[in-house]
Amino acid sequence: MPVKPLSAQALKNLLERTDSAREGQIRSLTPLSPTSIEIRFSVQDIARGYDWIDVMFRIEGVNDAKLVSDNVLRGLDMSEGITVELTPNTCALAIGSYSGRVSEAPCYIFGASMGYEELPFSG
């Protein structure tokens, strides 16, 4: 399944189904180019009886980011899940609950657009 553009309604549904990735696991953070980054999480899907799945977000047009090394990434606290914000011209993703203040998160990405893909659990 290819990366699907993330609309406000699709985002709302995805975050509800996965409880905003609370208690999930960060699997990878991959810069694809200077302006494209993928981040993959393992999360529980309420719609699938709390089975684990992976969700990969791809942010395009990255214009600001605070990234961390792999060993720090794996240790980030996921108890608050993730914050994802969409506007018509921008998007943001942060580790933790940082609604309206994404740039305060320990790890964040700002870009022009975002897509996502649901993948099998990589446990």
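Further up the page is the structure itself.
Because the structure is predicted, anything quoted here is derived from the model rather than measured.

**What about the overall build of the protein?**
Step number 1: Looking only at helices and strands, the protein has 2 helices and 9 strands in total.
Step number 2: Along its sequence from the N terminus, the protein presents helices and strands in the succession β-α-β-β-β-β-α-β-β-β-β.
Step number 3: In terms of overall dimensions, the protein is globule-like: its C-alpha atoms have a radius of gyration of 13 Å, near the 14 Å expected for 123 residues.
Step number 4: Here the C-alpha coordinates of the protein stretch approximately 35 × 30 × 25 Å along the principal axes.
Step number 5: Buried positions account for 41% of the 123 residues belonging to the protein.
Step number 6: Partitioning the intrachain contacts of the protein with sequence separation of at least 6 by distance along the chain shows that 58% fall at a separation of at least 24.
Step number 7: A gap of 2 Å separates the mean positions of the 11 positive and 16 negative side-chain charges of the protein.

**Topic: the packing of aromatic side chains**
Step number 1: Applying the stated criterion across every chain yields a total of 3 aromatic pairs.
Step number 2: Relative to Phe 121, the ring of Trp 52 has its centre 5.8 Å away and its plane inclined at 40°; by these criteria the two rings are tilted. With Trp 52 in strand 4 (residues 51-60) and Phe 121 in the segment after strand 9 (113-119), this residue pair connects regions lying 69 residues apart in the sequence.
Step number 3: Judged by its relative accessible area of 40%, Phe 121 falls in the partly exposed class.
Step number 4: Judged by centre distance (5.4 Å) and plane angle (70°), the rings of Tyr 108 and Phe 110 are edge-to-face.

What counts and how
- Residues numbered from 1 in each chain as written.
- Predicted model: local features only at pLDDT ≥ 70, side-chain atom pairs only at ≥ 80, totals over all residues.
- Heavy atoms only, no water.
- Helix = DSSP H or I, 4+ residues; strand = E, 2+ residues; numbered from the N terminus.
- Rg over C-alpha atoms; globule rule 2.2 N^0.38 Å.
- Buried < 20%, exposed > 50% of the residue type's maximum accessible area, 1.4 Å probe, protein only.
- Contact = heavy atoms within 4.5 Å.
- Lys, Arg positive; Asp, Glu negative; His and termini not counted.
- Charge placed at Lys NZ, Arg CZ, Asp CG, Glu CD.
- Phe/Tyr/Trp six-rings, centres within 6.5 Å; stacked < 30°, edge-to-face > 60°.

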